[in-house]
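# A look at the structure
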Amino acid sequence: MDCVFCAVVAGTEPAHLVLEAEAAVAFLDRRPLFPGHVLVVPRDHHRTLADLPAAEVGPFFRCVQRVAAAVEEGLGAAGSFVAANNRISQSVPHLHVHVVPRNPKDGLRGFFWPRSRYPDEAQAAAVAARLRAALLRGGPADGVEEGSV
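The model shown is predicted, which means the values in this text are computed figures rather than measured ones.

## A short note on the environment of D120
Relative to the assigned elements, D120 resides in the loop between β5 (97-102) and α3 (121-137). Of note is the side chain of D120, whose polar atom sits 3.1 Å from the backbone nitrogen of A122.

Set out below in structure tokens:
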């Protein structure tokens, strides 16, 4: 199988990692809606949420929950948008949850999302570092070991 997200999990595809946990890996989206837009993926290849084994749902979404909190705290966002597509609009057929920082009047309206790129790798690396730091401040959680970011 040729899956770019599986390659990110395996470390063979470069990505700005935010979290590495037993249940999931989180990294910056290459075409973010806003800086700090993170994708959270299960380590094992599952195409959709329905394909994720029930025993893995809780640990996976605990990682999503931690990343959402880190996006808000680490970037000073007023809130976050958390969503997953299943098949339709799913650009990579590997379950992934989008965690997007939100602020009042940020321009995000409905599902017409203005995508952009980081100006350079240095800015992407800096945003990823801020999110990793916020995750560390959050403390250890189920399935996530201290220092595993």
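Let us keep going from here.
## Considering helix α2 (residues 54-75)
Relative to the 32 Å expected for 22 residues at 1.5 Å per residue, α2 spans 32 Å between its end C-alpha atoms, a close match to the ideal helical length. Looking at α2, one finds that the buried residues are F60, C63, V64, R66, V67, A68, A70, V71, G74 and L75. Positive phi shows up at G76, right after α2, with a value of about 65 degrees.

## Re the confidence of the model for the protein chain
This prediction gives the protein chain a mean pLDDT of 90; 89% of its residues lie at or above 70. In this model residues 140-149 is a low-confidence stretch, pLDDT under 50, and it forms 20 contacts with partners more than four residues away in sequence or in other chains.

## Notes on the side chain of D29
In this structure, D29 sits in the loop between β2 (24-28) and β3 (38-42). When its relative accessible area of 7% is taken as the criterion, D29 is described as buried. Excluding residues within four positions of it along the chain, D29 makes contact with H37, V38, L39, H98, R115 and Y118.

## A look at unusual backbone geometry
Even without a glycine there, the phi angle at S89 is positive, about 65 degrees. The residue S89 is located in the loop between β4 (79-83) and β5 in this model. One non-glycine residue, K105, lies in the positive phi region at around 55 degrees. The residue K105 is located in the loop between β5 and α3 in this model. Using a relative accessible area of 87% as the deciding quantity, one classes K105 as exposed.

Definitions and limits used
Residues numbered from 1 in each chain as written. Predicted model: local features only at pLDDT ≥ 70, side-chain atom pairs only at ≥ 80, totals over all residues. Heavy atoms only, no water. Helix = DSSP H or I, 4+ residues; strand = E, 2+ residues; numbered from the N terminus. Polar contact = N/O pair within 3.5 Å; in protein donor to acceptor, adjacent residues only side chain to side chain. Expected span 1.5 Å × (residues − 1). Buried < 20%, exposed > 50% of the residue type's maximum accessible area, 1.4 Å probe, protein only. pLDDT = per-residue confidence, 0-100. Contact = heavy atoms within 4.5 Å.

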